[in-house]
Amino acid sequence: MRFAHGAAPATVCEACRSTVMRELDALVVAGKVSAFSRDLSPIQLGVRGSVDGKDFQVVGVLRKAREGVRWNEWYLLFSDGTDGYLGEGNGFYQVFSEPPQQVPHDAAQLYAGARATLGGIEWTVTEAAEARVVAADGTLPFAAVQDTPTAYADLRSVDGRRVGTLDAVDSPPTLWVGRIVPLTAMALQGLRPITGWSDPVITDFHGPEVTQVRSLACPNCGGAITLRAPGASVNLGCEYCGSELGIQEVGDKTNAQVLEARDKRDWKPSLPLGQRGELDGVQWEVIGAMGRHVTVDYIDYHWTEYFLYNPYRGFRYLVEDGRGHWSLVRQLPDTPGAASGRRASYQGRRFRHYTGGTAVVNRVLGEFSWEVRTGDQALTDDYVAPPFMLSAERSEHEITWSLGEYRTPDQVGDAFGLELGRAVGMAPHVPNPYAEPSQNRKAWTFGVLLLAGAVLLFLGQAVTAANDVLMSQGWSTSAQGEEVFLTEPFTVPDTLRRNLYVEISSALSRGDAQVHTSLINTDNGAVYHPIDTSKRNKATGRVWRATPGSYVGRVEIARNPSKTPSSDLKGLKLTVTLDKPWRSPLFLLFFYALLAPLALVLAKGAFETKRWSESDHAG
Amino acid sequence: MNLVTGHFGLGLLFLAGAGGMVATGWTPTSAKQETVPVSVRDNPASYKPSYALFRGYHVIYTTSGGGYRSGK
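Residues numbered from 1 in each chain as written. Chains lettered and ligands numbered in written order. Predicted model: local features only at pLDDT ≥ 70, side-chain atom pairs only at ≥ 80, totals over all residues.

1. Section: the overall build of chain B
Of the regular secondary structure elements, chain B holds 2 helices and 2 strands. Order of helices (α) and strands (β) in chain B, N terminus to C terminus: α-β-α-β. Evaluated residue by residue, chain B yields a buried proportion of 18% over its 72 residues. (Helix = DSSP H or I, 4+ residues; strand = E, 2+ residues; numbered from the N terminus. Buried ≥ 20, exposed ≤ 12 C-beta atoms within 10 Å, placed from the backbone.)

Shown next, in the form of structure tokens:
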């Protein structure tokens, strides 16, 4: 037996399990306490680490419990001589490294959901209850005796950045202020190796491997149940008979008691219990599955939540909706900002409210770290910023936030080595395939390049085109009789570009007469009719690759027989230009250049319209 | 190759084609054309167009004289 810290008031004798405390110069036995089982955590006495710029060593542990919840409090000795705690519960690790302060407050006034300003910080009470000590080891901050009740309140700062514990053992109560830190961020050395598990970041282990799996028999059907997270599970759905069981720790043993008996399990979720898979480089094991539904307009919408466990990383969830879409979800240690009405924000990302309702648990299988029973209800709200979804669950005493990221069935299937069904329809946070930034950038870049090419072509043509007027001749006519006008001869040279731009402009209206235009090659007899004046008497046309040679223009006036035009003379002019710049295809190219980016914009908008048509805010 | 890249490739083809057409004056289409005999070539005033060749044209007049005028 030893005191790892000179100022520590108590320690546990490993031999007789007595809690020994210092009283003046004497050692006094305060009582007995159960041993802390080795398979309940990867942390063990002697582990070293670093947090908030201070090195520490784990010198003791308290395991506490209240109705439906169990957690560990690792007693830390820092290199600067101060002490603190590492709280371990529900997959989160909370470090309390700041010196505690005594705050005059009536702890009895605290209840879940209450607000209080303690130690200069505004807090929301997340939990207020009485816990008891169920196990202890090593050097302790107080004389912990088995089942010693301690009143406490768990706090979360209003800004979401800090956690707190108000310990009401003393009077006035002691406030511990800390923050949530991942296990992988504490540079831990000497962790307990757990059989079958490894981690890409945590590689320094000490001592023999521990198998973190316990077997117990279902008290209803006798089936051999495998408890895969013995330190965390408080609830279990029997994989054989489907009965709902409560998990209790009695000393070093685990017992199960029937909460609701069933005859048979009639549910087979897509991911079986015990299946392991790797997601984002971390291995996870499916230890539980829960079926839930919400009812909207008398229609039940079902989904399944898979509870994933890794002893070094805590918990995650995989959510499979009724259409085969998946999300990888983690519970948030802090509170999103500005979550009200239709908007929420978290870590710089803005979310829009998609749907809300009352989620009802309809099936339970495997282990859970909180009490979950068939029929449990929670008010839910989902906010989306694809591919992410921010979800809030409100029960009677608390609000829990979680963040999900969309995963395809292929991604989940590949991770777990399973063939999963295809996803159909829309998920609220499925990524918009037309909003992918690199694709949009590419479309606009290509569009701009094509546009630039068209502009260069336009300018090049304007500079190099001959734009030569070969012939321009005019007449006056009253169109009272049919007339034919011939131009002076003109020559089309034998050049590379021999396109002729022919323009007829006439003051005659279609009611007066119709004007027909021809170009006659007097060398080879070719006659071109470049202009269609079926709609009006003022028009243009082109002759491409006109045969070089001598030409005469012919203009014929065909009078409307049902109308006699006035005797006023009206002008008529025929112009033939060689190699006039041709702009039509370039305008087509301008439009084509923008086709892809504009199509993406339209497709993106259509996709979003479809997404939101299924939300609570459709129309 | 995805649609965006395909669209760009097609656009480059269009650009190249348009550039070639602008440079050479070549197009796949040409104005309506017919060929007339030597007699008409020598006397363009005697040319009588065949209106069946022309989309949208229709004879709306009857020949009742008139004549040919040339020059301005």
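Next comes the rest of the description.
2. What about the pairing of strand S5 (residues 54–66) of chain A?
Residues and elements named next belong to chain A. Note: strand S4 (residues 48–51) against S5, 4 bridges, orientation antiparallel. Bridge pairing links Ser-50 to Asp-55 in S5. Counted along the chain from S4 to the antiparallel partner S5, the turn is 2 residues long, and its residue Asp-52 has a positive phi close to 55°. Once S5 ends, the chain turns through 2 residues before running back antiparallel as strand S6 (residues 69–78), passing Gly-68 with a positive phi of about 80°. Pairing geometry for S5 and strand S11 (residues 121–140), over 6 bridges, is antiparallel. Residue pairing in the sheet places Val-61 in a bridge with Asp-137 of S11. (Pairing = 2+ DSSP bridges.)

3. So, the pairing of strand S13 (residues 163–167) of chain A
Residues and elements named next belong to chain A. Burial of S13 is extensive: 4 of the 5 residues sit out of reach of the surface. Pairing of strand S12 (residues 149–157) with S13, which is carried by 5 bridges, proceeds in the antiparallel orientation. Each bridged residue has a counterpart across the sheet, and for Leu-155 the counterpart in S13 is Gly-164. Following S12, the chain reverses through 5 residues before pairing antiparallel with S13; Gly-160 in that reversal takes a positive phi of roughly 80°. The sheet contact formed by S13 and strand S14 (residues 174–180) spans 5 bridges and is antiparallel. Within the sheet, the bridge partner assigned to Leu-166 lies in S14 and is Leu-175. Counted between consecutive antiparallel strands, the loop separating S13 from S14 contains 6 residues.

4. Digging into the packing of helix H2 (residues 437–464) of chain A against helix H3 (residues 584–593) of chain A
All names here are of chain A. Closest axis-to-axis distance for the H2/H3 pair is 8 Å, and the angle between their directions is 170°. The angle between the axes of H2 and H3 places the two elements in the roughly antiparallel class. Taken together, the residues of H3 that come into contact with H2 (itself represented by Gly-447, Leu-450, Leu-451, Ala-454, Leu-457 and Phe-458) are Leu-586, Leu-589, Phe-590, Tyr-592 and Ala-593. Across the contact of H2 with H3, the residue classes tally to 10 nonpolar, 1 polar and no charged. (Axes fitted to C-alpha atoms, helices over the stretch in contact; angles between N-to-C directions. Parallel < 35°, antiparallel > 145°, perpendicular 65-115°, else oblique. Contact = placed C-beta atoms within 7 Å. Nonpolar A, V, L, I, M, F, W, Y, C, P; charged D, E, K, R; others polar.)

5. As for the sheet that holds strand S31 (residues 468–477) of chain A
Residues and elements named next belong to chain A. Judged by pairing direction, the sheet is antiparallel, and its 4 strands sit side by side in the order S31-S39-S34-S37 without closing on themselves. A single partner strand is all that each edge strand has here, and the edge strands are S31 and strand S37 (539–543). For this sheet the average axis-to-axis angle between neighbouring strands, irrespective of direction, equals 15°. Relative to strand S39 (residues 570–578), S31 is paired through 9 bridges, and the arrangement is antiparallel. Looking across to S39, one finds that Thr-477 is bridged to Lys-570.

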